[in-house]
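# Chains, contacts and geometry: an overview
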Amino acid sequence: MFQTAPLQVPIPGGPELVIILLVLVLLFGANKIPKLARSTGQAMGEFQKGRQELNQELEEMKEGPETEDDVTSSTSSDTEDEEETATETETSSN
């Protein structure tokens, strides 16, 4: 019998936006509003960049065990190749 209304916040229309802009101008001044908007945009950009880096790290962690073994084995084989080359050089110089 009772019907509950969903929680909705009304979106400000034309007159409400004008009032909000006037209050912002009074609080911050006309000169500071562009600076405030610019810094907000930069902060959002940094946030998105950090989120992308976090996603990349998570993907690397998912693939991590497979690639770490490959890196370890290639590093050890590179070291062995360098040791063999050094031994051959010493032998040929003697």
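Everything that follows concerns the structure shown earlier in this document.
Residues numbered from 1 in each chain as written. Predicted model: local features only at pLDDT ≥ 70, side-chain atom pairs only at ≥ 80, totals over all residues. Heavy atoms only, no water.

### Describing a negative patch on the surface
On the surface, Glu53, Glu57, Glu60 and Glu63 cluster together into a patch of negative charge. Position of Glu57 among the secondary structure elements: in helix 2 (residues 32–93). Its relative accessible area of 46% is what places Glu57 among the partly exposed residues. (Patch = residues over 30% accessible without salt bridge, like charges linked within 9 Å, V, L, I, M, F, W, Y side chains within 5 Å. Areas by Shrake-Rupley, 256 points an atom, 1.4 Å probe, with all protein chains shown as cover. Salt bridge = Lys/Arg side-chain N within 4 Å of Asp/Glu carboxyl O. Lys, Arg positive; Asp, Glu negative; His and termini not counted. Charge placed at Lys NZ, Arg CZ, Asp CG, Glu CD. Helix = DSSP H or I, 4+ residues; strand = E, 2+ residues; numbered from the N terminus. Buried < 20%, exposed > 50% of the residue type's maximum accessible area, 1.4 Å probe, protein only.)

### What about helix 1 (residues 14–28)?
One full turn of an α-helix is made of 3.6 residues, so residues set three or four places apart face in the same direction. For helix 1, built from 15 residues, the straight-helix expectation of 21 Å at 1.5 Å per residue is met to within 8% by its first-to-last C-alpha distance of 21 Å. Within two residues after helix 1, Gly29 carries a phi angle of roughly 90 degrees, on the positive side. (Expected span 1.5 Å × (residues − 1).)

### Regarding the pattern of salt bridges
Per the stated rule, a full pass over the model turns up two salt bridges. Across the salt bridge formed by Lys49 and Glu46, the nearest N and O atoms sit 3.8 Å from each other. With Lys49 and Glu46 both in helix 2 and three residues apart, this pair spans about one turn of that helix. Among the residues examined, Lys49 registers a relative accessible area of 43% and is labelled partly exposed.

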